[in-house]
Amino acid sequence: MIFRNLKELPLWKKLITALFAAVLCLQLGGALYYLNHIEIRGDSTFAYTLANNPYSYQFFGMTIGQLPGENGWFDDNFLRQSFIVEPDNRFNFSQVYYHQRRDYHPFGHYMLVNMICSIFAGSFSPMYSLILNFLFLIGTDVAFILLAEKLWGSRLKALVPICCSMFLCSFQNIVSFARMYMMMDFLIVLFLYFSIVFYQEETIKRTDCFGLFFTVLAGCLTHYSFYLYCGLFSVFLILFMLRERKVLNIRKYIETGLIAVLLSFVIYPWSIRHVLLNDNNIENIHSREITLESIQSFVGFLNQQLLNSRIIYVLIILALMFIPALIINSKNKSGLLKLETNNLPFMISVTASSLIYSIVVLKMSGNHPNYLSPVYLPFALILSSFVLFIVGKLNLIEGKADAVIAAAIIIIMINPFPVIKTISDNNKSYKEYCVWMQTAKDHAEDDCLLILKKRGVMNNLLYDQYFAVAQYDELKWVTLDLMSLDEALCEESLSGRVTPSKEVMVYLPEDIDFPYEGAELLCKHNGFNTYRWVR
């Protein structure tokens, strides 16, 4: 059980436990509300197309001219089938495996998306992928609770890193992002928990070996960043275990992790090719130079992602805490800086691996939030550990409310209002999204002309219009770098539809005026105006 029998606890601990339960309810309830108001667009589209597409792996923008049709018009059912599991194609994991061989990510997350979509075959909802994020968020909380007992001696102190992650904008963006990053972050925290078990325990149980094995295997099949972060962490932890001569634990730790990694290669050997022969990674490693300017930019990026751009406030608050702690402990022979030896090596390993991983991200991808995501929760652990240490040295209320005080300080440090503002702004956008999607559903029997400014790399995502334009009967896609707007709207361009009508739905970039009469502006969203054009 996560919380022991409440009847056996003293009153103050019951109150803290009730507060912890309330925070968890607030976090999970808020996350569920937030996830129910998320629009799937951009890279999130791949969560469905790579998981459910029964056709060959294709970026539609690169092959649009090859689709069957006349004069550029094609049956929109082709798009729908690419992200909706048909009833006769349920649980087709072989297609997922095939797609990911051609992509640059493992297949684990996409298998789970396909599984959920197969249960609800023939339909689409953003929650089919986002519900996985919610489940992994619950798993992350549980992993934090178990880790807190090993690290700080109290499960209630998990309140501190949970509060830190709850109000960290970068982590909330991961929670609401329909890709594999939330799954990876959960597995990293779980890996840290099993690692501290191997570090602290004298006798390693078989269940601990199985737990570490399946965590590493799942992590390797989720994202390649898992290899790098957990590999770096393991090196540091093993060095500390060597110093303490825990040879048997080291052997079991290495054997369990290595067998899991090797098995992941057997299951998915293309991961070796993806990591070593990814042209994008190789090019970035050799071309991206680390300069003073890039370092300054990256420090600002870390400040934004890890502290909600509050580094000055954090340093001031830590200083104001540290000085009175130093005074209070000045007469103590042990001194302020006496640390708990059972968790210091673990936290040094977390800190060192996070720092090195961040440098690798700087070298390979620059200021990219997604690639920094493995550090978000470990950083919450680092900051929480430091604040708990200082609060403990202050001896406030005899240590009975350390978790609550530290959590309150963390919240003040990182400021919850950016997250609240993000959710508020998202709700405004989501209202537009609902009207935008409903407009497409209401005119599903009509045809759609999607007009883009130019053909580019992101055309394979239809410029965030994917799920809306897939609702129509037939679709034609034109770009203004190949033809003028008049040419796109002329009779010759509009001919070729199977069931031509006098009405056509036109998606036009917001900064381009519609040149003809007879057009009714129905909605605006994602930088486009949606017109119902009666010719």
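In the block above lies the structure referred to throughout.
We now turn to the structure provided with this report. Here the structure is a predicted model, which is why all the values come from computation and not from measurement. (Residues numbered from 1 in each chain as written. Predicted model: local features only at pLDDT ≥ 70, side-chain atom pairs only at ≥ 80, totals over all residues. Heavy atoms only, no water.)

## Description of the overall build of the protein
So, point 1. When helices and strands are tallied, the protein shows 24 helices and six strands.
So, point 2. Within the protein, counting contacts between residues at least 6 apart in sequence, those at least 24 apart form 78% of the total.
So, point 3. Surface accessibility of the protein: about 24700 Å² in total, with carbon and sulfur atoms responsible for 62%. (Helix = DSSP H or I, 4+ residues; strand = E, 2+ residues; numbered from the N terminus. Contact = heavy atoms within 4.5 Å. Areas by Shrake-Rupley, 256 points an atom, 1.4 Å probe, with all protein chains shown as cover.)

## Examining the pairing of strand β2 (residues 448–452)
So, point 1. The element β2 is largely enclosed, with a buried count of five among its five residues.
So, point 2. Residues Cys 448, Leu 450 and Leu 452 line one face of β2 and the alternating positions Leu 449 and Ile 451 line the opposite face, and both faces are buried. (Buried < 20%, exposed > 50% of the residue type's maximum accessible area, 1.4 Å probe, protein only.)

## Topic: the nonpolar core
So, point 1. Counting residues in hydrophobic clusters, the biggest one holds 156 residues, and the most contacted among them are Leu 79, Phe 191, Phe 226, Phe 346, Val 387, Met 413 and Tyr 507.
So, point 2. In terms of residues, this core owes the most to one element, helix α10 (residues 181–200), which gives 17 residues.
So, point 3. Within the second largest apolar cluster, 15 residues are counted, among which are Ile 451, Val 506, Leu 508 and Trp 533. (Core = buried A, V, L, I, M, F, W, Y, C linked by side-chain atoms within 4.5 Å.)

## Observations concerning the packing of aromatic side chains
So, point 1. What the rule picks out here adds up to 35 aromatic pairs.
So, point 2. It is Arg 310 that lies over the ring of Tyr 313; its NZ or CZ is 4.1 Å from the centre.
So, point 3. For the cation-ring pair, Arg 497 lies above Trp 73, with the distance from its terminal atom to the ring centre recorded as 5.2 Å. (Phe/Tyr/Trp six-rings, centres within 6.5 Å; stacked < 30°, edge-to-face > 60°. Lys NZ or Arg CZ within 6 Å of the ring centre and 35° of its normal.)

## Things to note about the pairing of strand β3 (residues 474–479)
So, point 1. Most of β3 sits out of view: six of its six residues are buried.
So, point 2. Along β3, one buried face is formed by Glu 474, Lys 476 and Val 478 and the opposite face, lined by Leu 475, Trp 477 and Thr 479, is buried too.
So, point 3. Where strand β1 (residues 74–75) and β3 come together, two bridges link them in antiparallel fashion. In the sheet register, Phe 74 faces β3, and the bridge partner there is Leu 475. (Pairing = 2+ DSSP bridges.)

## A look at the sheet that holds strand β5 (residues 519–525)
So, point 1. One open sheet holds the six strands; their spatial order is β1-β3-β2-β4-β6-β5, and the pairing between them is mixed. The strands lining the two open edges of the sheet, one partner per strand, are β1 and β5.
So, point 2. With five bridges joining them, β2 and β3 adopt parallel strand pairing. Each bridged residue has a counterpart across the sheet, and for Leu 449 the counterpart in β3 is Lys 476.
So, point 3. Its contacts with the sheet put helix α21 (residues 417–442) on β4 (503–509), β5 and β6 (528–534), and the angle it makes with β5 is roughly 135°. (Axes fitted to C-alpha atoms, helices over the stretch in contact; angles between N-to-C directions.)

## Regarding the pattern of salt bridges
So, point 1. A full pass over the atoms with the stated rule returns 12 salt bridges.
So, point 2. A salt bridge links Arg 41 to Asp 464, with the shortest nitrogen-to-oxygen separation between them at 2.9 Å. You can see Arg 41 sitting in the loop between α1 (11–35) and α2 (46–52) and its partner Asp 464 sitting in the loop between β2 and α22 (466–469), a full 423 residues away along the chain.
So, point 3. Between Arg 532 and Glu 503 there is a salt bridge, and its shortest N-O distance comes to 2.7 Å. Of the two residues, Arg 532 sits in strand β6 while Glu 503 sits in strand β4, which places them 29 residues apart along the sequence. (Salt bridge = Lys/Arg side-chain N within 4 Å of Asp/Glu carboxyl O.)

## With respect to a nonpolar patch on the surface
So, point 1. A cluster of nonpolar side chains, contributed by Ile 290, Ile 295, Val 299, Leu 355, Ile 356 and Ile 359, occupies part of the molecular surface with about 490 Å² of accessible area.
So, point 2. Elements that contribute at least two residues to the nonpolar patch include exactly α16 (292–307) and α18 (344–364).
So, point 3. In terms of residue count, the dominant contributor to the nonpolar patch is α18 (three residues).
So, point 4. Summarising the element assignment, Leu 355 is placed in helix α18. (Patch = residues over 30% accessible without salt bridge, like charges linked within 9 Å, V, L, I, M, F, W, Y side chains within 5 Å.)

## Topic: helix α6 (residues 108–119)
Since the α-helix packs 3.6 residues into each turn, any two residues three or four apart lie on the same face.
So, point 1. Look at α6: 17 Å from first C-alpha to last across 12 residues, which is about the 16 Å you get at 1.5 Å a residue.
So, point 2. The buried fraction of α6 is high, at nine of 12 residues.
So, point 3. Within the span of α6, buried status applies to Gly 108, His 109, Tyr 110, Met 111, Val 113, Asn 114, Ile 116, Cys 117 and Ser 118.
So, point 4. Check the buried side of α6 and you find it contacts α2, α5 (93–102), α7 (127–152) and α10. (Expected span 1.5 Å × (residues − 1).)

## Examining the environment of Val 387
So, point 1. Examined against the element boundaries, Val 387 turns out to sit in helix α19 (residues 369–394).
So, point 2. You can call Val 387 buried: its relative accessible area is 0%.
So, point 3. Put simply, Val 387 and Met 321 are 66 residues apart on the chain and 8.7 Å apart in space, counted from C-alpha to C-alpha.
So, point 4. If near-sequence neighbours (up to four positions away) are discounted, Val 387 is found in contact with Leu 318, Met 321, Ala 406, Ile 409, Ile 410 and Met 413.

## Details of unusual backbone geometry
So, point 1. Positive phi, normally seen in glycine, also occurs at Phe 91, with a value near 50°.
So, point 2. If you trace the backbone, Phe 91 turns up in the loop between α4 (77–83) and α5.
So, point 3. Even without being a glycine, Arg 245 presents a positive backbone phi close to 60°.
So, point 4. Among the structural elements, Arg 245 can be located in the loop between α12 (225–243) and α13 (247–267).
So, point 5. Classification of Arg 245 by relative accessible area gives exposed; the value is 73%.

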